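The primary structure of each chain is shown beneath.
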Protein chains: 4
Amino acid sequence: MIHILSNTPSILNVFISEIRDAEIQKDRMRFRFNLERIGEVFAYEISRQMAYVEKEVATQLGFAMVPVLIENPVLAVILRAGLPFHQGFLNYFDRADNAFISAHRKTHKDGSFTINVEYSQVPDLNDKVLIICDAMLASGTSIVNTYRDLLLKGKPKHIHIVSVLASEEGIDYIKKHIPQQNLDIWLGVVDEELTAQSLIVPGLGDAGDLAFGKKDINT
Amino acid sequence: MIHILSNTPSILNVFISEIRDAEIQKDRMRFRFNLERIGEVFAYEISRQMAYVEKEVATQLGFAMVPVLIENPVLAVILRAGLPFHQGFLNYFDRADNAFISAHRKTHKDGSFTINVEYSQVPDLNDKVLIICDAMLASGTSIVNTYRDLLLKGKPKHIHIVSVLASEEGIDYIKKHIPQQNLDIWLGVVDEELTAQSLIVPGLGDAGDLAFGKKDINT
Amino acid sequence: MIHILSNTPSILNVFISEIRDAEIQKDRMRFRFNLERIGEVFAYEISRQMAYVEKEVATQLGFAMVPVLIENPVLAVILRAGLPFHQGFLNYFDRADNAFISAHRKTHKDGSFTINVEYSQVPDLNDKVLIICDAMLASGTSIVNTYRDLLLKGKPKHIHIVSVLASEEGIDYIKKHIPQQNLDIWLGVVDEELTAQSLIVPGLGDAGDLAFGKKDINT
Amino acid sequence: MIHILSNTPSILNVFISEIRDAEIQKDRMRFRFNLERIGEVFAYEISRQMAYVEKEVATQLGFAMVPVLIENPVLAVILRAGLPFHQGFLNYFDRADNAFISAHRKTHKDGSFTINVEYSQVPDLNDKVLIICDAMLASGTSIVNTYRDLLLKGKPKHIHIVSVLASEEGIDYIKKHIPQQNLDIWLGVVDEELTAQSLIVPGLGDAGDLAFGKKDINT
């Protein structure tokens, strides 16, 4: 199921507006903080679909029945743009296990590109609730490749794919390549256009560069 | 209208569980961080009732219509327990104006007490959306006294009263003394019992002491 | 002894530059964050004068002798401008007790003003290390009045007075009214001029308004 | 030059004590927060060696000459344990460019291991001040390999290597393989023993696992 959070008015839309705004983007700290706040809101929304169990805790004055998570999710982050976004999830699921994956876009001389998974540090995923965080869902290839790499480490019982900004083409690509069963897709906002260079328009630019600075073109 | 967020399962309940738990409370930093996270979730929920307007922003690649807040709310905090809770609101409404109020409980020799508003730094509230944050809603007198003090600074167009932990008696007291029009009450969780000393049971203890340490009994 | 941290080059000076800059000040979140970072740097510098004792801790692989604080300081904050500054201290002394004091400037019709301590929540201070945080040291009256109010709650063994921005006149006033024994004064930067309205020039403006928004003139 | 910060008493030692303590480590959030605070203290200490220039800024009330960084450093982080540590640096050098590198330890059947650099996103480093952050300096091979990989992207004018916990053997290894000119090594604390499995004793355990959870052994 696809959930597009910007369809409902909330402060989340303000955070998204700020990361799009070419002027406000110049403050990298605010850009990262916005991604972090957006991650927190997604974490909260996803947490509403999780399973809780009642537990008794001793307060200073008595006993209370309180709901606690049956299990913590595994938070998978796609480097590097996903890092501040992932931090937001980690702020709320502070006891979660984490997976780190790099999905590097290698641009070829003719302008085409491939996505290579180079770095992958992943816990056992069997029977886990897995949340895959990527800042942007452009062509969709990096999330699909990451998804495939992650599933080598086990079969999660439920997967949430989360992205701040998506293209319609990227959503279609995911739907085509990832089975819909036990899957939720959570998006901040969806833009119509995807350029031949896989840039979302009007989009926001390169989220990794905006958060952490440009990398060397020869990297 | 009264909104009790713990009626819906979410990670918010886990944060509330942690601040109740006498063992986990021993870590003051985590206690404050939980109040902060709870404040963020309330801020997000309240933001869904706010008014937004579409604005055009220039991205690096084009123009996008984005929703922005028509106006920022005024965040009023009741000292001192409310401070970490208020910080959560400030994390999300980072451009808001703020009001600081102290509502000090003065205990008399016979065990009874009165609430005095001593400190009050408040912006003009006329026609504003006002959010009053107090960590606990016990007897309700401190919020009602604060409310009255705040209204000396103008007539807000809408008021949200927010509290992490409330007693049923406190809710009744508010309903009796604050007009329900243009009012929303947002609560984390509601406990049944209120002792003669105005302690919520099972509650969590003294939120101010847990966040910042005991104060001198003669203060 | 007086320590002026800006006499040594460090990133602290950049934080101070940013809170002075009328353009950068417009971002309240960054203004508060700068005060918080400045508080952390002061906390670290002051911590170098504290007393530690060696304790054995069990690591996963053996035992290590580690230095721990003999006692946590008490952090006193002067409302409201001091709050983000105090947060920086609390980030580093996360197990400290805290005192909250309001020192309100009441301006009279003739332009003169008095400082009243209205709100005061203070732990037992006997034999404690006390750190008094105020964002600005202008005329010095608010810190001196706060100091006197605090000492009603006991006799600290050592007092640190900390301020981001001070006037020379304010320093003189403190020296005249507070005994120098067991006292350290920690300042970010010192400006020469203090106007008749007790504004530091070039200064930075009203730190409370910059952090939290203007308050009603009739407050 | 080698700087060992724990040689001077300060609150930094308390943060290091906490990340060593097998009991306190169980709170991952606190573990990450301690790494972050440690990163901030290192950032501040390193910033004292940086070059500043006086600039005039317009305050609300006049003009002030303030020192600003001549240039921001490049912050290189070794994944994944280095991430919370790097966050501390980023909190203080919030406008810095960043480099992300993975140095993965591949353990062989005979117990020996090699370090492979798999992921590398690095800006132009020519003539830059480069700060390389790794949580642990055990055998030293991961920092030396990272160093070599980084230098493919240019020749920095000064390099700072920073690590929270080091072994003497690791320090020797760095000294042998990295030219000492224009190099500073910043360490929190140094332990004597390094096991055949390259574990620092008494050390603290696996910083990556403690911050983010265990990864699958087959990863």
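Residues numbered from 1 in each chain as written. Chains lettered and ligands numbered in written order. Predicted model: local features only at pLDDT ≥ 70, side-chain atom pairs only at ≥ 80, totals over all residues. Heavy atoms only, no water.

## So, the overall build of chain A
Consideration 1: Helix and strand content of chain A: six helices and eleven strands.
Consideration 2: Since a compact globule built from 219 residues should have a radius of gyration of about 17 Å, the 18 Å found for chain A is in line with a globular shape.
Consideration 3: Considering chain A as a whole, with its 219 residues, one finds that 65% of them fall into the buried category.
Consideration 4: Nonlocal contacts in chain A, meaning residues at least 24 apart in sequence, comprise 67% of its contacts between residues at least 6 apart.
Consideration 5: Element-wise, carbon and sulfur atoms account for 50% of the exposed surface of chain A, whose accessible area totals about 8,200 Å².
Consideration 6: Averaging the coordinates of the 22 positive side-chain charges in chain A and doing the same for the 28 negative ones gives two points 4 Å apart. (Helix = DSSP H or I, 4+ residues; strand = E, 2+ residues; numbered from the N terminus. Rg over C-alpha atoms; globule rule 2.2 N^0.38 Å. Buried < 20%, exposed > 50% of the residue type's maximum accessible area, 1.4 Å probe, protein only. Contact = heavy atoms within 4.5 Å. Areas by Shrake-Rupley, 256 points an atom, 1.4 Å probe, with all protein chains shown as cover. Lys, Arg positive; Asp, Glu negative; His and termini not counted. Charge placed at Lys NZ, Arg CZ, Asp CG, Glu CD.)

## With respect to the pairing of strand S2 (residues 52-58) of chain B
Residue and element names in this part refer to chain B.
Consideration 1: Sheet topology note: the S2/strand S3 (residues 63-69) ladder contains seven bridges and is antiparallel. Among the inter-strand pairings, Ala58 is bridged to a residue of S3, identified as Phe63.
Consideration 2: Once S2 ends, the chain turns through four residues before running back antiparallel as S3. (Pairing = 2+ DSSP bridges.)

## Observations concerning the interface of chain B and chain A
Consideration 1: At the interface, 50 residues of chain B touch 50 residues of chain A.
Consideration 2: In total, about 4,000 Å² of surface goes out of reach between chain B and chain A, with carbon and sulfur atoms giving 58% of it.
Consideration 3: Of all residues in chain B, Tyr44, Leu61 and Tyr92 of chain B give up the largest surface area on contact with chain A, accounting jointly for 16% of the area buried on that side.
Consideration 4: Between chain B and chain A we count eight salt bridges in total.
Consideration 5: Linking chain B with chain A are 27 residue pairs in polar contact (both at pLDDT 80 or more), by the criterion used here.
Consideration 6: Broken down by secondary-structure element, the contributors of at least two residues to the side of chain B that touches chain A are helix H1 (11-20), helix H2 (28-47), S2, S3, helix H3 (82-92) and strand S11 (200-201) of chain B.
Consideration 7: Tallied by class, residues from the side of chain B that touches chain A come to 28 nonpolar, twelve polar and ten charged. (Buried area = accessible area lost by both parts, 1.4 Å probe. Salt bridge = Lys/Arg side-chain N within 4 Å of Asp/Glu carboxyl O. Polar contact = N/O pair within 3.5 Å; in protein donor to acceptor, adjacent residues only side chain to side chain. Nonpolar A, V, L, I, M, F, W, Y, C, P; charged D, E, K, R; others polar.)

## Brief notes about a negative patch on the surface
Residue and element names in this part refer to chain A.
Consideration 1: Judged by side-chain charge, Glu168, Glu169, Asp172, Glu192 and Glu193 come together as a negatively charged surface patch.
Consideration 2: In terms of residue count, the dominant contributor to the negative patch is helix H5 (residues 168-177) (three residues).
Consideration 3: Here Glu168 is to be found in helix H5. (Patch = residues over 30% accessible without salt bridge, like charges linked within 9 Å, V, L, I, M, F, W, Y side chains within 5 Å.)

## As for the pattern of salt bridges
Consideration 1: The final tally for this structure, using the stated rule, is 56 salt bridges over all chains.
Consideration 2: Notably, a salt bridge pairs Arg95 of chain B with Glu18 of chain A, separated by 2.7 Å at the nearest N-O pair. Within this pair, whereas Arg95 of chain B is found in the loop between H3 and strand S5 (97-107), its partner Glu18 of chain A is found in helix H1 (residues 11-20), the two belonging to separate chains.
Consideration 3: Relative accessible area serves as the criterion here: at 37%, Arg95 of chain B is assigned to the partly exposed category.
Consideration 4: Classification of Glu18 of chain A as buried rests on a relative accessible area of 6%.
Consideration 5: In this structure, Glu45 of chain A and Arg48 of chain A form a salt bridge, with 3.2 Å as the shortest nitrogen-oxygen distance.

## Points about the relation of the copies chain B and chain A
In this arrangement, two copies of a chain are superimposed by a rotation about an axis accompanied by a shift along the axis.
Consideration 1: Each copy superposes on the other: chain B lies on chain A with an RMSD of 0.0 Å after a rotation of 180 degrees and an axial shift of 0.0 Å. Both copies are brought into coincidence by an operation consistent with a two-fold rotation axis. Within chain B, Val41 of chain B has its C-alpha nearest the rotation axis, a separation of 3.9 Å. (Least-squares fit on C-alpha atoms with pLDDT ≥ 70 in both.)

## What about the interface of chain A and chain D?
Consideration 1: Taken residue by residue, the interface counts 29 residues in chain A and 29 residues in chain D.
Consideration 2: Both faces considered, chain A and chain D share a buried interface measuring about 2,700 Å² in area, 53% of it formed by carbon and sulfur atoms.
Consideration 3: In terms of surface lost to chain D, no three residues of chain A exceed Tyr119, Gln121 and Phe212 of chain A, which account for 20% of the buried area on that side.
Consideration 4: At the surface where chain A touches chain D, the tally comes to two salt bridges.
Consideration 5: The salt bridge involving Asp97 of chain A is made with Arg28 of chain D; its shortest N-O contact spans 2.8 Å.

## Observations concerning the confidence of the model for chain A
Consideration 1: Per-chain confidence: chain A averages 94 in pLDDT, with 96% of residues scoring 70 or above.
Consideration 2: We note a pTM of 0.96 for the whole complex and an ipTM of 0.94 for its interfaces. (pLDDT = per-residue confidence, 0-100.)

## Section: the relation of the copies chain A and chain D
Consideration 1: When chain A is fitted onto chain D, the two copies agree to an RMSD of 0.0 Å after a turn of 180 degrees and an axial shift of 0.0 Å.
Consideration 2: Most of the interface of chain A is mirrored in chain D, where 100% of its interface residues again form contacts.

## Quick notes on the environment of Lys176 of chain A
All names here are of chain A.
Consideration 1: Its location among the elements puts Lys176 in helix H5.
Consideration 2: On the basis of relative accessibility, which here comes to 67%, the residue Lys176 falls in the exposed class.
Consideration 3: Sequence-wise, Lys176 and Val144 are 32 residues apart; in three dimensions their C-alpha atoms are separated by 9.9 Å.

## Considerations on unusual backbone geometry
Consideration 1: The omega angle of the peptide bond from Leu79 of chain A to Arg80 of chain A is -15 degrees, so this bond is cis rather than trans.
Consideration 2: Residue position: Arg80 of chain A is located in the loop between strand S4 (74-79) and helix H3 (82-92).
Consideration 3: The residue Ser198 of chain C is not glycine, and still its phi comes out positive at about 60 degrees.
Consideration 4: By the secondary structure assignment, Ser198 of chain C is in the loop between strand S10 (193-194) and strand S11 (200-201).

## Some thoughts on the packing of aromatic side chains
Within a pair of aromatic rings, the relevant descriptors are the distance that separates the centres and the angle that separates the planes.
Consideration 1: Taken as a whole and judged by the stated rule, the model has 18 aromatic pairs over all chains.
Consideration 2: For the ring pair Phe42 of chain B and Phe85 of chain B, a centre distance of 5.8 Å and an interplane angle of 85 degrees mean the geometry is edge-to-face. Linking Phe42 of chain B in helix H2 with Phe85 of chain B in helix H3, this pair joins segments that are 43 residues apart in sequence.
Consideration 3: Relative accessible area serves as the criterion here: at 0%, Phe42 of chain B is assigned to the buried category.
Consideration 4: An aromatic cluster is defined as three or more aromatic residues linked by ring pairs; in this entry it consists of Phe42, Phe85 and Phe89 of chain A. (Phe/Tyr/Trp six-rings, centres within 6.5 Å; stacked < 30°, edge-to-face > 60°.)

## Some thoughts on the environment of Ile38 of chain C
Residues and elements named next belong to chain C.
Consideration 1: You can see Ile38 is positioned in helix H2 (residues 28-47).
Consideration 2: For Ile38, a relative accessible area of 0% translates into the label buried.
Consideration 3: Expressed as a C-alpha distance, the spacing of Ile38 and Gly188, which sit 150 residues apart in the sequence, is 8.3 Å.
Consideration 4: For Ile38, the residues in contact, after removing those within four places along its chain, are Leu12, Phe15, Ile16, Ile19, Phe85 and Val164.

## Section: the packing of H1 of chain A against helix H2 (residues 28-47) of chain A
Any two packed helices are characterised by the angle at which their axes cross and by the distance between the axes.
Residues and elements named next belong to chain A.
Consideration 1: Relative to each other, H1 and H2 sit at 150 degrees, their axes nearing to 9 Å. Considering the angle they form, H1 stands roughly antiparallel to H2. In this structure, H1 crosses over H2, and the sense of that crossing is left-handed. Between H1 and H2, the residues in contact are Leu12, Phe15, Ile16, Glu18 and Ile19 and Arg30, Phe31, Asn34, Leu35, Arg37, Ile38 and Val41, respectively.
Consideration 2: Residues that form the contact of H1 with H2 fall into these classes: eight nonpolar, one polar and three charged. (Axes fitted to C-alpha atoms, helices over the stretch in contact; angles between N-to-C directions. Parallel < 35°, antiparallel > 145°, perpendicular 65-115°, else oblique. Left-handed = near helix turned anticlockwise from the far one by under 90°.)

## Concerning the nonpolar core
Consideration 1: Judged by nonpolar contacts, the single largest core of 196 residues is most densely connected at Phe89 of chain A, Phe89 of chain B, Phe89 of chain C together with Phe89 of chain D.
Consideration 2: Each residue touching Phe89 of chain A, except ones within four places of it in the same chain, is listed here: Gly39, Glu40, Phe42, Ala43, Ile46, Leu75, Ile131, Cys133 and Val162 of chain A. (Core = buried A, V, L, I, M, F, W, Y, C linked by side-chain atoms within 4.5 Å.)

## Some remarks on the side chain of Arg80 of chain D
Consideration 1: Of the residues examined, Arg80 of chain D reaches a relative accessible area of 4% and is grouped as buried.
Consideration 2: From its side chain, Arg80 of chain D meets the backbone oxygen of Gly208 of chain D in a polar contact 3.4 Å long.
Consideration 3: Aside from chain neighbours lying at most four places away, what touches Arg80 of chain D is Phe100, Tyr119 and Gln121 of chain A together with Asp206, Gly208, Asp209, Phe212, Gly213 and Lys215 of chain D.

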